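# Tertiary structure, described
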Amino acid sequence: MSVQASKTDRFPVITIDGPSGSGKGTIARQVATHLGWHLLDSGALYRMVALASAKRGLPADDEAAHAKVAETLAASFGVGADGTERIWLDGTEVSNEIRSEQAGNGASRVAVMPGVRAGLLQRQRAFARSTGLVADGRDMGTVIFPDAGLKIFLTASPEERARRRYNQLKDKGLSANLAALSLEIAERDQRDASRAVAPLKPADDAVIVDSTSMTIDDVVARVLELAAARFPVK
Ligand code: DC
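Okay, so let's go over this structure. (Residues numbered from 1 in each chain as written. Predicted model: local features only at pLDDT ≥ 70, side-chain atom pairs only at ≥ 80, totals over all residues. Heavy atoms only, no water.)

### Section: the pattern of salt bridges
All chains considered together, the criterion is met by 15 salt bridges. Here R86 ties to D82 by a salt bridge, and the two come within 3.0 Å at their closest N and O atoms. Residue classification places R86 among the partly exposed positions, given a relative accessible area of 22%. The structure contains a network of salt bridges with shared partners spanning R29, D41, E85 and R99. (Salt bridge = Lys/Arg side-chain N within 4 Å of Asp/Glu carboxyl O. Buried < 20%, exposed > 50% of the residue type's maximum accessible area, 1.4 Å probe, protein only.)

### Points about the pairing of strand β6 (residues 133-137)
For β6, the buried fraction is high: five of the five residues fall into the buried class. Here strand β1 (residues 13-17) runs beside β6; their pairing, made up of five bridges, is parallel. Looking across to β6, one finds that I16 is bridged to D136. Pairing between strand β2 (residues 38-41) and β6: four bridges, direction parallel. What sits directly across from H38, in β6, is L133. (Helix = DSSP H or I, 4+ residues; strand = E, 2+ residues; numbered from the N terminus. Pairing = 2+ DSSP bridges.)

### Concerning helix α2 (residues 42-55)
Relative to the 20 Å expected for 14 residues at 1.5 Å per residue, α2 spans 20 Å between its end C-alpha atoms, a close match to the ideal helical length. Buried residues dominate α2, accounting for eleven of its 14 residues. Buried within α2 are the following residues: S42, A44, L45, Y46, R47, M48, V49, A50, L51, A52 and S53. Once α2 ends, the next one or two residues include G57, with phi positive near 70 degrees. (Expected span 1.5 Å × (residues − 1).)

### Quick word on the site of the ligand
If you check the shell around the ligand, you find 17 residues, and the closest are R47, R117, R138, D139 and R195. A distance of 2.8 Å separates an oxygen atom of the ligand from a polar side-chain atom of R117. In the model, a nitrogen atom of the ligand is placed 2.9 Å from a nitrogen or oxygen of the D139 side chain. Looking at the shell around the ligand, the elements that each hand over two or more residues are α2, α4 (101-110) and α8 (178-194). Tallying contributions element by element places α2 first for the shell around the ligand, with four residues. Grouping the amino acids of the shell around the ligand by side-chain chemistry returns four nonpolar, four polar and nine charged. (Near = heavy atom within 4 Å. Polar contact = N/O pair within 3.5 Å; in protein donor to acceptor, adjacent residues only side chain to side chain. Nonpolar A, V, L, I, M, F, W, Y, C, P; charged D, E, K, R; others polar.)

### A short note on the nonpolar core
Counting residues in each nonpolar core, the largest one holds 33 residues, and the members touching the most others are L40, M48, V49, L73, L120, L133 and F145. Of all elements in the fold, only α2, α3 (63-72), β4 (85-89), α4, α5 (114-125), β6 and α6 (140-144) reach the threshold of two or more residues within this core. A per-element tally of this core places α2 first, with eight residues. Among the nonpolar cores identified, the runner-up in size contains 19 residues, and I16, W37, V220 and V223 belong to it. (Core = buried A, V, L, I, M, F, W, Y, C linked by side-chain atoms within 4.5 Å.)

Keep in mind these numbers describe shape, not what the thing actually does.
Structure representation (structure tokens):
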């Protein structure tokens, strides 16, 4: 597959990739808010493909049908009255539904399909804005925005990531079991890192940040420090 031109050499882009529960989502949101940049939550797109495919009753192994869902996904992102991120699929709000572990595992399964990844490629690049973009995912720095000005690979120990995911789900009032989450995270890491297309791995020019013993504020400060050096204010 030829790599199509990305807008990353024209617009400022920070990519934040890493495994489940590394804190990418929280960090990306805070960095984007701080800089006044746009945000791409690419995992939400894969979660929506899985959800839309399940709702349509598509056979799990029908890649062409899943790819069609990815290409035509009626997804929109916005902010609710309380300032939190809201996501709609086919006009129905799915903000909470897509955050379940079931949706995450479904996303990880459809994400191995090259047709699904190709179907979402241009849609993800279209998030780039002249004001700047913070893109969070698994292949933002390696495939979607290879020319990004700053690439972060955010990681943390598997135990710490399971604990964070557990607290996140509890805070949202969703059910969670720490032992089951640890197993699911290990399985998902394995699937995301071993798939043939766009596996989870740091870009050659990524800065690796291990957040195991860092607070969210520490990580945000570190990314902003790197951003200030890479994107000096003119
Ligand atoms: O970041 P997340 O947990 O919302 O992502 C859910 C799944 O989607 C993840 O297990 C792998 C897949 N994904 C991907 O393959 N590529 C991305 N850029 C983002 C997510």
